[in-house]
Amino acid sequence: MSSPVLNQDIIQEVLSYFPASKIGKFRLLNKECNKRSYESWFLNLNFHRTNYISGYFLERYERGYKLDTSFVHERRDLENKGVSIDFLPQGEGKIKACDASHGILLCVNDTGIIPEYIVCKPTTKQYQIIPNPKVGRCDKSLGIMVTGLNPFRYKVFRLSKSPGMNRSLRTFACEVFDSDSFMWKRLKNLRLPRTDGLIFSNPVQASGFLNWRSRNNKVIRFCLKTETWSLLHTPNVGLFPELVRYEGKLGVIRHWINNNQEDVHGLWVLKSSFGKSWIKVKDIKSIGVDHIVWIPSNDVVMLSSWDRVCLYNINTEKLNFIHTNKDFASYVCFPFCSDYEKVDMDERRNAPTNANWSTRSNVGHK
């Protein structure tokens, strides 16, 4: 006698009561469960039932100087419940990286002689000052990724330049901080081919990798588990590739003008986390906003330009403005999703911030 087949609607109803950290395991059941768990109706229901908050931290800059940092709820009709970074130690702290799926930020207070690196969870107002990385280098890109929840663990990745390095965009010093050892580790320098270079940006996190775009429109990937580098070609279609995260996988968006003279954004995703082949997912009609910066669900994209930040529903073609800019300031946006459960980072909050170091030289991209 064959086993009964569970109704997919029943599965989704049960899953909607699970915290987001547990849903990832159930997404492996089948493709239908995975796809439906990324639809906006399910995510909204799940956030409501599990007391999650979803939105965006916006840092406002004018003439290169940060003016303020604010949190904007994804739904403007809901309060942000006091989410901010005002609880951090005094100083002009800037958000430098975010693990958007776990609500963990990496902030840097660079008002003093030596910058202070702070990992925090805004919803619980917890923070941890970590040891300073190698001084005398200039940060070029920072990333953070939660690697465990029980116990809570994370890694911070840093690309930097030292005064002795050449000024090209091909060679960078690489360091990783592991919260488990509470130490920084120096890796081999990242060295890109002579004909290529790194485009400075916040890395896109997907499937255990941090991903950047190169000047030749390739993907520069760093695996935090194996601490190795790899390069990927992006689909050779259209112009201006942008890296995004889609249904937990790395995606790339390329822009072109179709036969009807309409602007179109095409979305591809990696077939597998460690693979190199791309699968075309869908076309997204342009609505005149500069670029896509985040895909919170598989039917909604976040769009940003100098004067507005909005959510666009691909199926209904409706816009939801979450922020409008009435002055000449620019914004840096960090997507954010979090629960209100405390994590066990407090025991090392007051640890010495002098750099603890370990050096390894067997990792790198030549």
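What you are looking at is a predicted structure, and each value in this text was computed from that prediction instead of being measured.

Novice: Would you mind showing me how to read helix 4 (residues 40-50) here?
Specialist: Spacing of three or four residues puts side chains on the same side of an α-helix, whose turn is 3.6 residues. Taken together, the buried positions of helix 4 are occupied by Ser40, Phe42, Leu43, Asn46, Phe47 and Thr50. Down the axis of helix 4, the buried set is contained in an arc of 160°. They therefore lie on one face. Phi turns positive, to about 60°, at asparagine 51, one or two residues after helix 4.

Novice: Explain the pattern of salt bridges to me, please; I cannot follow it from the model alone.
Specialist: A side chain with one charge can pair with a side chain of the opposite charge if their charged atoms come near. The final tally for this structure, using the stated rule, is eight salt bridges. A salt bridge links glutamate 227 to lysine 155; the nearest nitrogen and oxygen atoms lie 4.0 Å apart. Note that glutamate 227 is positioned in the loop between strand 13 (218-223) and strand 14 (228-233) and lysine 155 in strand 8 (residues 152-161), a separation of 72 residues in sequence. The buried category is assigned to glutamate 227, whose relative accessible area is 5%. We classify lysine 155 as buried; its relative accessible area is 13%. One salt bridge in this structure joins lysine 280 and aspartate 283, with 2.9 Å as the shortest N-O distance. For lysine 280, a relative accessible area of 39% gives the class partly exposed. Here aspartate 283 falls in the partly exposed class, since its relative accessible area comes to 42%.

Novice: What is the right way to read the pairing of strand 4 (residues 104-109) from this model?
Specialist: On a regular strand, one side chain projects to one face of the sheet and the next to the other, so that they alternate. Counting buried residues in strand 4 gives six out of six residues, a clear majority hidden from the surface. Side chains of strand 4 alternate between two faces, with Ile104, Leu106 and Val108 and Leu105, Cys107 and Asn109 buried alike. Connecting the antiparallel pair strand 3 (residues 93-99) and strand 4 is a turn made up of four residues, with glycine 103 showing a positive phi of about 70°. Inspection of the sheet shows strand 4 paired to strand 5 (residues 116-121) by five bridges, in the antiparallel sense. Pairing of cysteine 107 across the sheet is with isoleucine 118, part of strand 5. Where strand 4 folds back onto strand 5 in an antiparallel hairpin, the turn is made up of six residues.

Novice: Please explain the pairing of strand 15 (residues 239-246) as it appears in this structure.
Specialist: Two elements, strand 15 and strand 16 (residues 249-257), share six bridges in a ladder whose sense is antiparallel. Its bridge partner being in strand 16, valine 244 is matched across the sheet by glycine 251. Taking the residues that link successive antiparallel strands as the turn, the strand 15-strand 16 hairpin has two residues, and the phi of glutamate 247 there is positive, at about 50°.

Novice: For this particular structure, what's the right way to read unusual backbone geometry?
Specialist: Negative phi characterises most residues that are not glycine, and trans characterises most peptide bonds. The omega torsion across asparagine 150 and proline 151 is 5°, close enough to zero to call that bond cis. Residue placement: proline 151 occurs in the loop between strand 7 (138-149) and strand 8. Here the phi dihedral of phenylalanine 182 falls at roughly 55°; this positive angle occurs in a residue that is not glycine. Summarising the element assignment, phenylalanine 182 is placed in the loop between strand 9 (171-178) and strand 10 (183-191). Notably, glutamate 247 is not glycine yet its phi reads approximately 50°, a positive angle. Assignment of secondary structure puts glutamate 247 in the loop between strand 15 and strand 16.

Novice: In this structure, what is going on with the sheet that holds strand 4? I would like to understand it.
Specialist: Hydrogen bonds between backbone groups are what pair the strands of a sheet, and the pairing can be parallel or antiparallel. Pairing in this open sheet of four strands is antiparallel, and the strands run 3-4-5-6 from one edge to the other. Edge positions in the sheet fall to strand 3 and strand 6 (126-130), since each of these pairs with one other strand and no more. Across the sheet, the axes of successive neighbouring strands diverge by a mean angle of 25°, strand direction being ignored.

Novice: How should I be thinking about the confidence of the model for the protein in this particular structure?
Specialist: With 83% of its residues at a pLDDT of at least 70, the protein reaches an overall mean of 80. In the model, residues 349-355 has pLDDT below 50 throughout and makes 14 contacts with residues more than four positions away in sequence or in other chains. Confidence over residues 357-366 falls short of pLDDT 50; this stretch has 33 contacts with residues more than four positions distant or in other chains.

Novice: Sorry if this is basic, but what is going on with the environment of valine 72 here?
Specialist: With respect to the helices, strands and loops of the structure, valine 72 is situated in strand 2 (residues 65-73). Separated by 263 residues in sequence, valine 72 and proline 335 place their C-alpha atoms 9.7 Å apart. Setting aside chain neighbours within four positions, we find valine 72 in contact with Gly55, Tyr56, Leu58 and Ile322.

Novice: How do you make sense of the sheet that holds strand 22 (residues 318-324) when you look at a structure like this?
Specialist: What the four strands build is an open sheet, ordered 19-20-21-22; its pairing is antiparallel. In this open sheet, the two strands that pair with only one neighbour each are strand 19 (291-297) and strand 22. If you compare each strand with its neighbour and ignore which way they point, the axes differ by 25° on average. In the sheet, strand 20 (residues 300-305) pairs with strand 21 (residues 308-313) via six bridges, with the strands oriented antiparallel. Counted as the bridge partner of valine 300 is asparagine 313 from strand 21.

Novice: Before we go on, may I ask you to explain the nonpolar core in this structure?
Specialist: The nonpolar side chains of a soluble globular protein tend to be buried with one another. Core analysis: the biggest nonpolar cluster contains 18 residues, and Val119, Ile130, Ile144, Tyr154 and Val156 have the highest contact counts within it. Among the secondary structure elements, those contributing two or more residues to this core are strand 4, strand 5, strand 7 and strand 8. Leaving out residues up to four positions away in the same chain, valine 156 has contacts with Leu106, Val119, Ile130, Gly143, Ile144, Glu175, Val176, Phe177 and Trp184. In terms of nonpolar packing, the next biggest core, distinct from the first, is built from 17 residues, Phe57, Ile95, Ile129 and Phe334 among them.

Novice: Sorry, what's going on with the packing of aromatic side chains here?
Specialist: Remark: the centre distance and the inter-plane angle together describe each pair of aromatic rings, the angle taken between the planes. Evaluated as defined, the whole model comprises 17 aromatic pairs. With a centroid separation of 5.7 Å and an interplanar angle of 55°, the aromatic rings of phenylalanine 157 and tryptophan 212 are classed as tilted. A residue pair is termed long-range when its members are at least 10 positions apart, and phenylalanine 157 in strand 8 and tryptophan 212 in strand 12 (residues 209-213) qualify at 55 residues. Here phenylalanine 209 and phenylalanine 274 contribute two aromatic rings whose centre-to-centre distance is 5.4 Å and whose plane-to-plane angle is 70°, an arrangement assigned as edge-to-face. One end of the pair, phenylalanine 209, is in strand 12; the other, phenylalanine 274, is in the loop between strand 17 (263-270) and strand 18 (278-285), and 65 residues separate them in sequence. Under the relative-accessibility criterion, phenylalanine 209 is labelled buried at 5%. Each member of the aromatic cluster is reached from another via a ring pair, and the members are Tyr117, Phe152, Tyr154, Phe177, Phe182 and Trp184. The positively charged end of arginine 221 is found above the aromatic ring belonging to phenylalanine 209, 3.8 Å away from the centroid. Across from the ring centre of tryptophan 268, 4.9 Å away, lies the NZ or CZ of lysine 280, which sits over that ring.

About the criteria used
- Every chain is numbered independently, its residues counted from 1 as its sequence is written.
- Local features are withheld for residues below a pLDDT of 70 in this predicted model, meaning they are given only at 70 or higher, and side-chain atom pairs are given and counted only at 80 or more; totals for whole chains, interfaces and linings count all residues.
- Values reported for side chains reflect all heavy atoms of the structure, with hydrogen atoms and water molecules removed beforehand.
- The buried label applies to any residue whose accessible area, calculated with a 1.4 Å probe on protein chains only, is under 20% of its type's maximum; exposed applies above 50%, and partly exposed to all values in between.
- A run of H or I in DSSP counts as a helix once it spans at least four residues, and a run of E counts as a strand once it spans at least two, with each numbered from the N terminus.
- Regarding the arc, it is the one traced by the directions from the helix axis to the C-beta atoms.
- Whenever Lys or Arg places a side-chain nitrogen within 4 Å of a carboxyl oxygen from Asp or Glu, that contact is recorded as a salt bridge.
- One bridge is not enough; two strands pair if DSSP finds at least two bridges between them.
- To get an axis, fit a line to the C-alpha atoms, keeping to the stretch in contact for a helix; angles then go from 0 to 180 degrees between the N-to-C directions.
- pLDDT is defined as a per-residue confidence score from the predictor, taking values between 0 and 100.
- The contact rule is simple, with two residues in contact once any of their heavy atoms fall within 4.5 Å.
- Side-chain atoms within 4.5 Å are what join buried Ala, Val, Leu, Ile, Met, Phe, Trp, Tyr and Cys residues into a set we call a nonpolar core.
- Think of it this way: a Phe, Tyr or Trp ring, Trp meaning its six-membered ring, pairs with another when their centres are within 6.5 Å, and the plane angle makes it stacked under 30 degrees, edge-to-face over 60, tilted otherwise.
- Lysine NZ or arginine CZ positioned within 6 Å of the ring centre and within 35 degrees of the ring normal marks a charge as sitting over the ring.

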